[in-house]
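Structural features, examined
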Amino acid sequence: MYQPADIHRAADQLRTVRTEWAALLIAVETPPAAAWPPAQLSTHLAQQQAAEADLLVADRAPLTLRQHPAPANLTALDAAVRVEGLLFDLADTLAAAAQRPIGRRLVSSVGRPEVWADDEADAADPRRWRFRSPTDPGSRRHGLHFAALWVEGRLLDEDTEPERHLDGSEAPALFARLPEHLRHETIRVARQCERLVLRVLELDERETPVEGRPCPWCGGALTLHTAADQAPRVTCDGGSGCSAAVPLDNRGRRVWGAVDLLTLIEALNEAVAVRAA
Ligand SMILES: [Zn+2]
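Summarised in this report is the structure supplied together with it. Each residue is numbered by its place in its chain's sequence as written, counting from 1. Two thresholds apply to this predicted model, a pLDDT of at least 70 for residue-level local features and 80 or more for giving and counting side-chain atom pairs, whereas whole-chain, interface and lining totals are computed over all residues. Only hydrogens and water are set aside when side-chain values are computed; all heavy atoms of the structure are taken into account.

A few words on the overall build of the chain. Strands are runs of DSSP state E lasting at least 2 residues, helices are runs of H or I lasting at least 4, and numbering of each runs from the N terminus. The secondary structure content of the chain amounts to seven helices and eight strands. Sorting the 277 residues of the chain into buried and exposed places 40% on the buried side. Here, residues are in contact when the closest pair of their heavy atoms is within 4.5 Å. Contacts in the chain between residues far apart in sequence, at least 24 positions, make up 58% of those at least 6 positions apart. Here the Shrake-Rupley method, with its probe set to 1.4 Å, supplies the accessible areas, and only the displayed protein chains count as covering residues. In the form shown here, the chain has an accessible surface area of approximately 15300 Å², with 54% of it arising from carbon and sulfur atoms. The cut-offs for exposure are 20% and 50% of the maximum accessible area for each residue type, with area from a 1.4 Å probe on protein chains only; residues under the lower value are buried, those over the upper are exposed, and the others partly exposed.

Before going further, it helps to examine the pattern of salt bridges. Salt bridges are counted wherever a side-chain nitrogen of Lys or Arg sits within 4 Å of a carboxyl oxygen of Asp or Glu. Scanning all chains against the criterion turns up 19 salt bridges. Two residues, E152 and R15, come together in a salt bridge whose shortest N-O distance is 2.9 Å. One end of the pair, E152, is in helix α5 (residues 143-155); the other, R15, is in helix α1 (residues 4-28), with 137 residues separating them in the sequence. Ionic pairing is found between D89 and R140, a salt bridge with its closest N-O pair at 3.1 Å. In this pair, D89 sits in helix α3 (residues 74-98) while R140 sits in the loop between α4 (120-123) and α5, placing the two residues 51 residues apart along the sequence. By sharing partners, the salt bridges in this structure join D12, R15, R18 and E152 into a single network.

Turning our eyes to something else, we now look at the coordination of the zinc ion. Taken together, the protein ligands of the zinc ion are C215 (SG), C218 (SG), C236 (SG) and C242 (SG), with distances of 2.2 to 2.4 Å. Only nitrogen, oxygen and sulfur atoms within 2.8 Å of the metal, or 3.2 Å for Na, K and Ca, are treated as donors, and water is left out, so sites may look incomplete. A four-donor site is classed as tetrahedral when every donor-metal-donor angle falls between 85 and 135 degrees; four donors are called square planar, and six octahedral, when trans pairs exceed 155 degrees and all remaining angles lie between 65 and 115, with any other arrangement labelled irregular. In this structure, the zinc ion is coordinated by four donor atoms arranged in tetrahedral fashion, with angles at the metal of 92 to 119 degrees. Along the chain, the residues donating to the zinc ion are arranged with the sequence spacing C-x2-C-x17-C-x5-C. Of this pair, C215 sits in the loop between β5 (206-209) and β6 (222-227) while C242 sits in the loop between β7 (230-236) and β8 (254-256), and the two are 27 residues apart along the sequence. Judged by its relative accessible area of 3%, C215 falls in the buried class. For C242, a relative accessible area of 1% translates into the label buried.

Now for helix α6 (residues 180-200). One less than the residue count of a helix, multiplied by 1.5 Å, gives the span that helix is expected to have. Taking 1.5 Å as the rise per residue, α6 with 21 residues should run 30 Å; its terminal C-alpha atoms sit 31 Å apart, in good agreement. Within α6, burial applies to L182, R183, T186, I187, V189, A190, C193, E194, L196, V197 and L198. Among the structural elements, α1, α3 and α5 are those in contact with the buried residues of α6. Residue E202 follows α6 closely and has a positive phi angle near 55 degrees.

Here is the rule: rings of Phe, Tyr and Trp (six-membered ring for Trp) pair when centre to centre is within 6.5 Å. Planes less than 30 degrees apart are stacked, more than 60 are edge-to-face, and the remainder are tilted. Scanning all chains against the criterion turns up five aromatic pairs. Considering the side-chain rings of W150 and F175, the 5.7 Å spacing of their centres and the 80 degrees angle between planes classify their relative orientation as edge-to-face. Here the residue W150 occupies a position in helix α5, and F175 occupies one in the loop between β4 (170-171) and α6, the gap between them amounting to 25 residues. Exposure class is identical for W150 and F175. Each is buried. Through a chain of ring-to-ring contacts, three or more aromatic side chains come together here, namely F88, W129, F146, W150 and F175. Lysine NZ or arginine CZ positioned within 6 Å of the ring centre and within 35 degrees of the ring normal marks a charge as sitting over the ring. Taking the ring centre of W150 as reference, the NZ or CZ of R154 above it sits at 4.8 Å. The ring of F175 carries the charged tip of R154 above its face, separated from the ring centre by 3.5 Å.

Right, let's get into unusual backbone geometry. The phi torsion at D159 lies on the positive side, around 55 degrees, for a residue other than glycine. Its location among the elements puts D159 in the loop between α5 and β3 (163-164).

Let's shift gears to the sheet that holds β8. Hydrogen bonds between backbone atoms are what pair the strands of a sheet, whose relative direction is either parallel or antiparallel. Strands qualify as paired when DSSP identifies two bridges or more between them. Spatially, β5-β6-β7-β8 is the arrangement adopted by the four strands of the open sheet, whose pairing is antiparallel. Only two strands of the sheet have a single partner each, and these edge strands are β5 and β8. With strand direction ignored, the average angle separating the axes of adjacent strands in the sheet is 25 degrees. Pairing of β7 with β8 involves three bridges; the strand directions are antiparallel. Looking at the pairing, V234 lines up with W256 of β8. For helices, the fitted line uses only the C-alpha atoms of the stretch in contact; every axis is such a line through C-alpha atoms, and the angle between N-to-C directions lies from 0 to 180 degrees.

Structural data, given as C-alpha cells:
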C-alpha cells in the first residue's frame, strides 16, 4: 500500500517535469558546451525571460508532432522525447484501466433495430484522455503539460466519485481509483521522468566550481549550486568580506539567487572583457 506521502512526492515530481519543460525545450534549441554562462544559468534566465514575454504557450505542442530539422542539443531532445513518450504511454495505460467508457444514447427507437450512438457530450468531456489512432493523435496533441496534469489527476483520485447532475440524475464516476499495480507504475514513471529532466538540465543536486571566473567583487572562488525544485544559485567563498550587494547564506557566503544572477553574469562578462582589453 502506498502512503499519502508517496503519492504527493510523485505528484510533485510530475509538477517539476511540467515546470522545467520549457527549459528543456529551450535546451533542445541551444548548442551545448557554451563555456559561460553554464547551461543551467542560461536556460534558467531564458526561461525567466520567456515567461515574462509570455512565449511559453507555443511550447505546448508535443515534440513528437513537431519538426526538429536541426536540434542543437541531441541529448536534450532525446530526454524530452523519452519523457513525453513515457507519460503519453502511461496515460494510455491508465485510461484503458480507469476511464469510464463513453456512454451510449438511444438515438431512435422507431422500427427495429433500435439505433444507439455514443453520447457526444460524454465523448467531448475535456477531462477524458483520448487514445490516438492512425489519423488522429488524440490527447497527445495537447502535449506534455496536459498528459502530466492528467496523470497527476489519476494519481490523486480526482473525479472518482459518482456525479450528480442538476436534474438529480446520477452518472457513474468518470474515473475509477487506480488499482495498486498502476499506482506503483505511475509513481515509478513520475520519478523516472523527473530524473531524466533534471539530469539533462544539470539541475539535479550538484555543486560546480565556476572555473576561471573569480568573484568580480572580492576575487573569491565562485560555486554554482543546483538542486531539484530550486532555482540555481551561485555562492562566493569570500565570506562577509565580499562587498557584493547580495545577501549572505546560512554559511556566511554571498549568494546570488534568482533575480541577482543576471547582475552577476553581467559583472563577470565585464570583468572578462576588461581583462581581454
Ligand atoms: Zn566575492
